[in-house]
Amino acid sequence: MDIYIVRHGQTDWNLCGKMQGHTELPLNETGRQQARDMAEMLVGKQITEVYCSNMQRAVETASIIAERLGVSAYMTEGLKEKGYGEIEGLTMDEAKQRYPQDMETWLKNPWENCLPGEGSETGMQVLQRAYSSWCDILERAKGNIVIVTHGGTILTLLGYLFRETPEQIPEKVPNAQPILLRYSPLTQDLARIE
């Protein structure tokens with residue numbers, strides 16, 4: 001089974017480097033074109049389903065892909081982006097200036113620490129919900145699939161799945177660029193395909 005993990009298309013906040021988290025944002029025109037290009041790239045890959053976060057930017061990306069491929073798209077809340085609390089809407093530099101102590105603590109150990117504000121999550125909280133969704137998707141999937149989610153969620157999930165082979169984990173996840181994984185339901189082997 002081939003699994004194409006895709007970060008949503010570009011938003012205006014991506015352009016200016018703002019932390020998005022749980023803030024709902026639409027794709028911009030570049031993001032919509034990225035989704036269309038991604039869909040064209042997936043034509044002929046025998047995709048049977050598209051799964052996505054329930055956040056607007058992921059749903060919009062997934063809908064464009066699914067419509068072009070003639071398959072259904074299914075939303076799951078477990079794939080939503082990590083919540084960043086009060087730093088959503090700020091760039092990393094702005095967040096470090098406004099919340100220097102909180103940012104220092106969080107950057108030292110994002111797995112166990114969260115940022116100030118409602119909705120902020122630890123890396124472990126994100127992993128628990130994302131991995132649960134991952135397992136549900138693999139159990140349900142009938143063939144090659146696309147999973148549209150978010151940069152932070154992708155890196156958290158891949159960090160766990162490939163913890164013994166960290167070279168499989170990208171340093172950054174660009175908008176609407178696929179990460180191809182190959183999964184064997186029989187042996188449960190998982191590999192990243194370059």
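What comes next concerns the included structure. Treat the numbers as computed from the prediction; the structure is a model and nothing was measured.

Rules used in this analysis
- Residues numbered from 1 in each chain as written.
- Predicted model: local features only at pLDDT ≥ 70, side-chain atom pairs only at ≥ 80, totals over all residues.
- Heavy atoms only, no water.
- Helix = DSSP H or I, 4+ residues; strand = E, 2+ residues; numbered from the N terminus.
- Buried < 20%, exposed > 50% of the residue type's maximum accessible area, 1.4 Å probe, protein only.
- Contact = heavy atoms within 4.5 Å.
- Phe/Tyr/Trp six-rings, centres within 6.5 Å; stacked < 30°, edge-to-face > 60°.
- Lys NZ or Arg CZ within 6 Å of the ring centre and 35° of its normal.
- Salt bridge = Lys/Arg side-chain N within 4 Å of Asp/Glu carboxyl O.

**Quick look at the environment of Thr23**
Stage number 1. With respect to the element layout, Thr23 can be found in the loop between α1 (12–15) and α2 (29–42).
Stage number 2. By relative accessible area, which is 22% here, Thr23 ends up partly exposed.
Stage number 3. Between the alpha carbons of Thr23 and Ala73 there is a distance of 22 Å; along the sequence they are 50 residues apart.
Stage number 4. Setting aside anything within four residues of it in sequence, one finds Thr23 in contact with Trp13, Met55, Arg57 and Glu88.

**Observations concerning the side chain of Asn14**
Stage number 1. Tracing the backbone through its elements, the reader meets Asn14 in helix α1.
Stage number 2. Those residues in contact with Asn14 that lie beyond four places of it in its chain are Arg7, His8, Gly9, Gln20 and Asn175.

**Concerning the packing of aromatic side chains**
Stage number 1. One pass over the structure, following the stated rule, counts three aromatic pairs.
Stage number 2. Ring plane angle 90° and centroid distance 6.0 Å describe the contact between Tyr84 and Trp106, whose orientation is recorded as edge-to-face. With Tyr84 in the loop between β3 (72–76) and α4 (92–98) and Trp106 in helix α5 (residues 100–108), this residue pair connects regions lying 22 residues apart in the sequence.
Stage number 3. Here the basic side chain of Arg140 rests over the ring of Tyr74, its NZ or CZ set 3.9 Å away from the ring centre.
Stage number 4. Positioned above the aromatic ring of Tyr160, the side-chain terminus of Arg163 is 4.2 Å from the ring centre.

**Topic: the pattern of salt bridges**
Stage number 1. Summed over all chains, the structure comprises eight salt bridges.
Stage number 2. Two residues, Glu29 and Arg36, come together in a salt bridge whose shortest N-O distance is 2.8 Å.
Stage number 3. Relative accessible area serves as the criterion here: at 45%, Glu29 is assigned to the partly exposed category.
Stage number 4. On the basis of relative accessibility, which here comes to 34%, the residue Arg36 falls in the partly exposed class.
Stage number 5. The closest approach of N and O atoms between Glu40 and Arg68, which form a salt bridge, is 2.5 Å. Separated by 28 residues along the polypeptide, Glu40 in helix α2 and Arg68 in helix α3 (residues 56–69) bring together distant segments of the chain.
Stage number 6. With a relative accessible area of 44%, Glu40 lands in the partly exposed category.
Stage number 7. Judged by relative accessible area, which is 41%, Arg68 ranks as partly exposed.

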